[in-house]
Amino acid sequence: MSPGMPVVDDGKLTSTNPATGETVGTFPVATAADVAAAVARAREAGAWWAALGFAARRQRLRRWRVRFAQRLEEIAELTHREGGKPVYDATLEAASAIEHIDWAANNAKRVLGPRRVRTRVLLAEHSAHLEYLPYGVVGVIGPWNYPILTPLGSIAYALAAGNAVVFKPSEYTPAVGQWLADLFAEVVPEQPVFQVVHGLGDTGAALCRSGVSKLGFTGSTATARTVMAACAETLTPVLIEAGGKDAMIIDSDADLDAAVDAALWGGLSNAGQTCVGIERIYAVSDIHDAFVEKLAAQARTLTVGVDGEQLGPITMPGQIDVIRRHIEDALARGARAVVGGPEAVQPPFVHPTILVDVPDDALAIREETFGPTLTVTRVASADEALHRANAVPYGLGGAVFGRRRAVELARGMRSGMTSVNSVLAFAGMSTLPFGGVGNSGFGRIHGEDGLREFTVPKAITRRRAPSPLPALSFFRKPSHERTLVRAVKMLYARGPR
């Protein structure tokens, strides 16, 4: 068995380090009956949690945040051991997650609390009220590449909104998922508000069919379709964050040194295993050669290894074959590797690879690579860059480097999020929604939209006076109908000419 591959034996799931094979943790595999029981417990716990109200939930979530921050080094080290990512990358991930817990806790009441809504003239005798109610139990299926930040983008917001959560972490990172839930239980010991169920794909399928009120999924586009099909059996609503093939546009007036730095971090951090990582770069012809030269020089300085290096191993062993195939396909179609190439694939590691002259029909342009590779394409103009950036079915994130037209180009990029003169900044911005379009999914985590995602809008009207125009009654007079017609014409039949 390859290091890093999850092993199920005698009802137990064992996770190992993808570089060393070291055992990190062993956890009981949840059967369909176990998942159903967890959801039943969560249903009762969720009712208690919702009844606490915003203030009491905020107090508990803030205590969770405090303990999380106090044990930051511990979770970073565990993430490094289980997933292989460098400790700094894991620390940054955990720090971003703490920021999201804090924002969700402190803003839930403002965003979701009951409020009065302005009424309209034709129903002036009624007042209008809106509130957002928790679903009850939210299921979350998390990924292995960002096992802290990504699931907590759903979990923290669902909890702040008043839901209980049943979380199925990736089988590649179960220890991290268990750590998150155990830490929460330290500050909320009264009820199983946040539970974890472990296992392979069948455990995730059981969660889809378990009666959760909503399910949040992060993973590949192919698996997202399977999840949606399972949830459709019971009309369970879903939030989907699927794959990405994010592009960076570099205009002729860009700061090239800053663009190189950002491209390397956006494309190669976490060994390129980032759903919103940069995989395609479109550089305007005027600066293309200079950019490629600088990019290649800096890429060659990056270190790869187990401890202390800038790039760690590929967490999921099967992904190495995908990365190798994309590189070889591009070269077979006429591309050139200015850094790396097939020899860069040295399991469990993949060294940085920069490809140029890659045709648009190559796998490295059309499909998610999920490794430390970048393609750089020469374009005649920023408009051509935008057209080609938008020519794939994915639409998660992206970046634009430039000055005069940067924001205009960012708005035109078909993606849920775009950074201008930076990369990935939107992921840590707790005030902004995060999610994609097209094959990258739908729904939003983070920010106000992320809080509302885990609630059901509840509209309430209340009569406050007799009806001068009893439109909602069989027992009306002909004069009421004539008055209604006159009122509508007076209010709406006049307009700009």
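Refer to the structure above for everything that follows.
Note that the structure is predicted; figures quoted are calculated from it, not measured. (Residues numbered from 1 in each chain as written. Predicted model: local features only at pLDDT ≥ 70, side-chain atom pairs only at ≥ 80, totals over all residues. Heavy atoms only, no water.)

### Focus: the nonpolar core
By size, the foremost hydrophobic cluster in this structure holds 113 residues, and its most contacted members are Trp-64, Phe-68 and Phe-291. Setting aside its immediate chain neighbours within four residues, Phe-291 contacts Ile-250, Leu-256, Ala-259, Val-260, Ala-263, Ile-281 and Val-376. Within the second largest apolar cluster, 21 residues are counted, among which are Ala-247, Tyr-282, Leu-355 and Ala-385. (Core = buried A, V, L, I, M, F, W, Y, C linked by side-chain atoms within 4.5 Å. Buried < 20%, exposed > 50% of the residue type's maximum accessible area, 1.4 Å probe, protein only. Contact = heavy atoms within 4.5 Å.)

### Some thoughts on the side chain of Glu-279
Mapped onto the secondary structure, Glu-279 falls in strand S12 (residues 278-284). Taking relative accessible area as the criterion, Glu-279 reaches 4% and is therefore assigned buried. A polar contact is formed between the side chain of Glu-279 and the side chain of Lys-245, at a distance of 2.5 Å. Only 3.1 Å separates the side chain of Glu-279 from the backbone nitrogen of Phe-370, close enough to count as a polar contact. In this structure, Glu-279 is in contact with Gly-244, Lys-245, Asp-246, Glu-367, Glu-368, Thr-369, Phe-370, Thr-373, Leu-374 and Thr-375, ignoring residues within four places of it in sequence. (Helix = DSSP H or I, 4+ residues; strand = E, 2+ residues; numbered from the N terminus. Polar contact = N/O pair within 3.5 Å; in protein donor to acceptor, adjacent residues only side chain to side chain.)

### Here's the deal with the packing of aromatic side chains
Scanning all chains against the criterion turns up 13 aromatic pairs. Between the aromatic rings of Phe-68 and Trp-179, the centroid separation amounts to 5.4 Å while the plane-to-plane angle is 70°, which identifies the pairing as edge-to-face. Taken together, the residues span a long stretch of sequence, with Phe-68 in helix H1 (residues 32-70) and Trp-179 in helix H5 (residues 174-187) at a distance of 111 residues. Like Phe-68, the residue Trp-179 is buried in the burial classification. Here the aromatic rings of Tyr-88 and Trp-265 are separated by 6.3 Å at their centres, their planes lie at 70°, and the arrangement is edge-to-face. Here the residue Tyr-88 occupies a position in helix H3 (residues 87-112), and Trp-265 occupies one in helix H8 (residues 256-268), the gap between them amounting to 177 residues. (Phe/Tyr/Trp six-rings, centres within 6.5 Å; stacked < 30°, edge-to-face > 60°.)

### What about the pairing of strand S11 (residues 246-250)?
Across the 5 residues of S11, 5 count as buried, placing the element largely inside the fold. Where burial is concerned, the two faces of S11 agree: the one with Asp-246, Met-248 and Ile-250 and the one with Ala-247 and Ile-249 are both buried. Pairing of S11 with S12 involves 5 bridges; the strand directions are parallel. Across the sheet, the residue bridging to Ile-249 is Tyr-282, located in S12. On the question of chirality, the crossover connecting S11 to the parallel S12 by way of H8 is right-handed. In this sheet, strand S18 (residues 398-401) lies alongside S11 in parallel orientation, the contact comprising 4 bridges. Paired with Met-248 across the strands is Ala-399, a residue of S18. (Pairing = 2+ DSSP bridges. Right-handed = clockwise from strand over helix to strand, strands pointing away.)

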